[in-house]
Amino acid sequence: MSSNVIRVLVAKPGLDGHDRGAKVIAHALREDGMEVIYTGIRQTPAMIVEAAFEEDVDVIGLSILSGAHMELLPAILNGLKEKCMNDVVVIAGGIIPDEDRTTLGKLGVIRTFGPGTPTTDISSFIRENVPRPDSTQHSG
């Protein structure tokens, strides 16, 4: 496997059972050449952190619509710190008010995406923000 392949864990924390958006994102990222692990619905923060650790991912994409983002996402970020996984890029998508986006950003969620965000925007953001050890790509 090439070390240039970006590995993304897509997870649905909490009791939110609506996963169509997460599946659409997972599919789009795969189509864009990323390796995607989808955990399925109703994942605890500990389960998400453990899956990210075991799969050695570059990115965790959290999809949350339940309104519990201020409880669940900080728990995931703390779990990553405990496992010394500070280099993992954490993004989130769903219904997240602006003031919560700011707080989550300070805690370590580097970007939040709202409903209707084009999948190409998410993919581009990931590619621009995941450090690659073998960056031998040239522009133009």
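Predicted, not measured: the structure shown is a model, and the values here were computed from it.

> Lay out the confidence of the model for the protein with the relevant residues and their values.
Within the protein, residue pLDDT values average 91, and 92% of them lie at 70 or more. Considering only residues more than four positions removed or in separate chains, one finds that residues 135-140, a stretch of pLDDT under 50, has 0 contacts.

> Tell me about the pairing of strand β5 (residues 109-113), and please be specific about residues and values.
With 4 bridges connecting them, strand β4 (residues 89-94) and β5 associate as parallel partners. In the sheet register, Ala92 faces β5, and the bridge partner there is Thr112. After leaving β4, the chain enters helix α4 (residues 98-107) and then returns to the sheet as β5, a path that is right-handed.

> A description of the pattern of salt bridges should follow, citing residues and the corresponding values.
Taken as a whole and assessed by the stated rule, the structure comprises 6 salt bridges. One salt bridge in this structure joins Glu35 and Arg7, with 2.4 Å as the shortest N-O distance. You can see Glu35 sitting in strand β2 (residues 35-38) and its partner Arg7 sitting in strand β1 (residues 7-11), a full 28 residues away along the chain. The class for Arg7 is buried, based on a relative accessible area of 12%. Residue Arg101 is joined to Asp98 by a salt bridge in which the shortest nitrogen-to-oxygen separation is 3.9 Å. Of the two residues, Arg101 and Asp98 are both situated in helix α4; the distance of 3 residues between them amounts to about one turn of the helix. What makes Arg101 partly exposed here is its relative accessible area of 25%. Bridged by salt links that share partners, the residues Arg7, Glu35 and Glu55 form one connected network.

> Residues and numbers for the packing of helix α3 (residues 69-82) against α4, please.
Running from N to C, α3 and α4 point in directions that differ by 10°, and their axes come no closer than 10 Å. Relative to α4, the element α3 is oriented roughly parallel. Between α3, through His69, Met70, Leu73, Pro74, Leu77 and Lys81, and α4, the contact on the second element is made entirely by Asp100, Thr103, Leu104 and Leu107. Among the residues forming the contact of α3 with α4, the class breakdown is 6 nonpolar, 2 polar and 2 charged.

Rules used in this analysis
- Residues numbered from 1 in each chain as written.
- Predicted model: local features only at pLDDT ≥ 70, side-chain atom pairs only at ≥ 80, totals over all residues.
- Heavy atoms only, no water.
- pLDDT = per-residue confidence, 0-100.
- Contact = heavy atoms within 4.5 Å.
- Pairing = 2+ DSSP bridges.
- Helix = DSSP H or I, 4+ residues; strand = E, 2+ residues; numbered from the N terminus.
- Right-handed = clockwise from strand over helix to strand, strands pointing away.
- Salt bridge = Lys/Arg side-chain N within 4 Å of Asp/Glu carboxyl O.
- Buried < 20%, exposed > 50% of the residue type's maximum accessible area, 1.4 Å probe, protein only.
- Axes fitted to C-alpha atoms, helices over the stretch in contact; angles between N-to-C directions.
- Parallel < 35°, antiparallel > 145°, perpendicular 65-115°, else oblique.
- Nonpolar A, V, L, I, M, F, W, Y, C, P; charged D, E, K, R; others polar.

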